[in-house]
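# Structural description and commentary
Residue strings, one per chain:
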Amino acid sequence: MNVTNRISANAETGAAAAQARPRTVFVKAFGCQMNVYDGERMVDVLRAKGFQPAAAPEEADLVILNTCHIREKAAEKVYSELGRLRVLREKRRERGADMAIAVAGCVAQAEGEAMLARAPAIDFIFGPQAIQRLPDLIDRLDAGERHMVETDFPAEDKFAELEGKAKAPPAVPPAAFLAVQEGCDKFCTFCVVPYTRGAEYSRPAADILREAEKLVEKGAREITLLGQNVNAWHGEGLDGTTWNLARLLRELANIDGLHALRFTTSHPNDMDDALIAAFAENERLMPYLHLPVQAGSDRILKAMNRKHTAQDYIRLIEKIRAARPDIAISGDFIVGFPGETEEDFADTLALVEEVKYAHAYSFRYSARPGTPAAELKDQVPEEIKRERLARLQELLAKQQYEFNSRFVGREFDLLLTGPGKYEGQLTGRSPWLQAVHVPGEGHAVGDIVRVRVTDIGKNALGAHIIG
Ligand code: SAH
Ligand code: SF4
Ligand code: F3S
């Protein structure tokens, strides 16, 4: 029996059978926080269609691979995963069950139809802007259709549509995410995001506030606002004027029961004075800022179309630190952009030395089909990229350790978000976004506790609960 028959059989046996065993869905996320967030929205939308989340792919009637196209390695993962799923599907079929396989996310958007030639096991494909069409795709699947592809950018507002179609989950995690902005108009020459996510779009403040209040009602104590260029957010305000992110954060800070606010990811050129001042003025806004710079050479920054110099960035960091001296600065780096010389790379190291990062992500440049940089001559050999990345990561790791070392003996409030590394431990994130593990006895996930830092690990702090 093929998958579509199986699912339509379920649908036809009516309410009794559906009640006996509701269909289940497993979404596997491969990408950024927005990708994870979209995956959760898929589950919300499918709840309204009677689906429940499955604990593992082998237990799911529907598996959705929510893919990422940002680097070649991320994009290729989906094909090996599809191979594994085909095996799981066979095993389920031997047990008389079945599994539908869907591909979502940025690879779905970028490759669309072409994926079917390489992986005909896929039942349907939909892009990040087509999540609201999931119920319809399920109906078509139940009717026996396969190989459907939904990758248009619709005219309707994705988020408003999702709100309309979703059934709220029973609970939300203490540290929740909320998408306020999507898409990008910056067109950095290495990046696929403007193509996979489309043009910049800001949700209206009223929708965001409503969703934030709902999250807090259901147990969220911290909210991270998400957007590909979150600090470019400028949406319709409650008073009909256009608000900036600082204004939105001020309104969000008034929500009763909300303990902490964060936002990510920001672009240096959209870091306006009001937002910088928010780090000094908004008590709920945590002292952490992810501000990617990518490279420290002006020549490379220009070729990347980042539209600022290394000095602009360094001056900006100084201004932010003047407003909030203890702020943790985090960044993204690309090594081996086409044409990057040893001298250019030395400029990146020099910028890192000057800024002093609390944390950072760094990547080897990966040529992405359809982006301008992929066409450039002077692609840097992998060997050189590997070697430069190792040097950069060594420096960044040293800075991270130095940043963390200053925290021994420090006290702060910690929101407990999950089990810790060892039995009996609980974990959370410090205001500076460091992972913190504490002995959890007598406390539960969702509690806010006062802690004192006792040890510094490579990637985390150890602390004790006090008072
Ligand atoms: N909107 C965010 C993040 C975009 S993707 C921003 O502008 O910063 C996250 C990171 O992936 C980027 O900051 C960049 O460092 C990295 N990245 C993007 N495209 C890449 C590519 N082609 N090769 C290697 N790294 C890339
Ligand atoms: Fe990509 Fe640049 Fe847009 Fe960030 S700002 S998403 S790196 S194009
Ligand atoms: Fe990847 Fe798409 Fe996010 S390409 S990084 S999942 S926006």
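Residues numbered from 1 in each chain as written. Chains lettered and ligands numbered in written order. Predicted model: local features only at pLDDT ≥ 70, side-chain atom pairs only at ≥ 80, totals over all residues. Heavy atoms only, no water.

## Considerations on the site of ligand 3
- Within the structure, ligand 3 sits among Cys 32, Asn 35, Thr 67, Cys 68, His 69, Ile 70, Cys 106, Arg 197 and Gln 228.
- In terms of residue class, the shell around ligand 3 is made up of four nonpolar, four polar and one charged. (Near = heavy atom within 4 Å. Nonpolar A, V, L, I, M, F, W, Y, C, P; charged D, E, K, R; others polar.)

## Remarks on the packing of aromatic side chains
- Inspection of the entire model under this criterion finds ten aromatic pairs.
- A centroid spacing of 6.4 Å and a plane angle of 10° characterise the contact between Phe 159 and Tyr 201, whose relative ring orientation is stacked. Here the residue Phe 159 occupies a position in helix H8 (residues 158–165), and Tyr 201 occupies one in strand S9 (residues 201–202), the gap between them amounting to 42 residues.
- Accessibility expressed as a relative area gives 5% for Phe 159, which makes it buried.
- Since its relative accessible area comes to 31%, Tyr 201 is described here as partly exposed.
- Through a chain of ring-to-ring contacts, the aromatic side chains of Phe 403, Phe 407, Phe 412 and Trp 432 assemble into a single cluster.
- The ring of Trp 432 carries Arg 410 above its face, with NZ or CZ at 5.2 Å from the centroid. (Phe/Tyr/Trp six-rings, centres within 6.5 Å; stacked < 30°, edge-to-face > 60°. Helix = DSSP H or I, 4+ residues; strand = E, 2+ residues; numbered from the N terminus. Buried < 20%, exposed > 50% of the residue type's maximum accessible area, 1.4 Å probe, protein only. Lys NZ or Arg CZ within 6 Å of the ring centre and 35° of its normal.)

## Concerning the sheet that holds strand S7 (residues 175–179)
- As summarised here, the arrangement of the three strands in space is S7-S10-S13, forming an open sheet in which the pairing is parallel. For this open sheet the edge positions go to S7 and strand S13 (260–264), each flanked by a neighbour on one side alone. Adjacent strand axes in the sheet meet at a mean angle of 25°, parallel and antiparallel pairs treated alike.
- Pairing analysis gives five bridges linking strand S10 (residues 222–226) to S13, with the strands arranged parallel. Within S13, the position partnered with Leu 225 by the bridge is Phe 263.
- Contacts between helix H10 (residues 205–217) and the sheet are confined to S7 and S10, with S7 contributing the most and set at about 165° to the helix.
- Strand contacts of helix H11 (residues 245–253): S10 and S13, with the helix running at about 155° to S13, the strand carrying the most contacts. (Pairing = 2+ DSSP bridges. Axes fitted to C-alpha atoms, helices over the stretch in contact; angles between N-to-C directions. Contact = heavy atoms within 4.5 Å.)

## Structural notes on the side chain of Gln 399
- Mapping Gln 399 onto the fold places it in helix H16 (residues 382–405).
- Residue classification places Gln 399 among the buried residues on the basis of a relative accessible area of 5%.
- At 2.9 Å, the side chain of Gln 399 forms a polar contact with the backbone oxygen of Val 352.
- Here the side chain of Gln 399 touches Tyr 357 through a polar contact of 2.7 Å, landing on its backbone nitrogen.
- In this view, Gln 399 contacts Val 352, Glu 353, Lys 356 and Tyr 357; residues no more than four positions away in its chain are not counted. (Polar contact = N/O pair within 3.5 Å; in protein donor to acceptor, adjacent residues only side chain to side chain.)

## Some thoughts on the domain arrangement of the protein
- Each assigned domain of the protein is listed here: domain 1 (3–150), domain 2 (171–281) and domain 3 (411–465).
- One C-alpha centre belongs to domain 1, the other to domain 3, and the line joining them spans 36 Å. (Domains from an automatic or database assignment.)

## Concerning the pattern of salt bridges
- Considering all chains together, one arrives at 40 salt bridges under this definition.
- When the shortest N-O distance is used, the salt bridge between Asp 98 and Arg 93 registers 3.0 Å.
- By relative accessible area, Asp 98 is classed as buried at 2%.
- The shortest N-O distance in the salt bridge between Arg 299 and Asp 344 comes to 2.6 Å. Here Arg 299, found in helix H13 (residues 298–303), pairs with Asp 344, found in helix H15 (residues 342–355); they are 45 residues apart in sequence, far enough to count as distant. (Salt bridge = Lys/Arg side-chain N within 4 Å of Asp/Glu carboxyl O.)

## Some thoughts on the pairing of strand S20 (residues 448–456)
- Pairing geometry for strand S17 (residues 411–419) and S20, over five bridges, is antiparallel. Each bridged residue has a counterpart across the sheet, and for Asp 413 the counterpart in S20 is Arg 450.
- The sheet contact formed by S20 and strand S21 (residues 460–465) spans five bridges and is antiparallel. Residue pairing for S21: Val 451 is matched across the bridge by Ile 465.
- Where S20 hands over to S21, the hairpin turn is made up of three residues, counted between the paired strands.

## As for the site of ligand 2
- By nearness alone, every residue bordering ligand 2 is listed as Cys 184, Lys 186, Phe 187, Cys 188, Phe 190, Cys 191, Val 193, Pro 194, Asn 229, His 267 and Arg 306.
- Tallied by class, residues from the shell around ligand 2 come to seven nonpolar, two polar and two charged.

## Some points on the environment of Asn 305
- With respect to the helices and strands, the residue Asn 305 is situated in the loop between H13 and helix H14 (310–323).
- Taking the C-alpha atoms as reference, Asn 305 lies 5.0 Å from Cys 188; in sequence the two are 117 residues apart.
- Not counting residues up to four positions away in its chain, the partners in contact with Asn 305 are Lys 186, Phe 187, Cys 188 and Thr 189.
- Only 3.0 Å separates the side chain of Asn 305 from the backbone oxygen of Phe 187, close enough to count as a polar contact.

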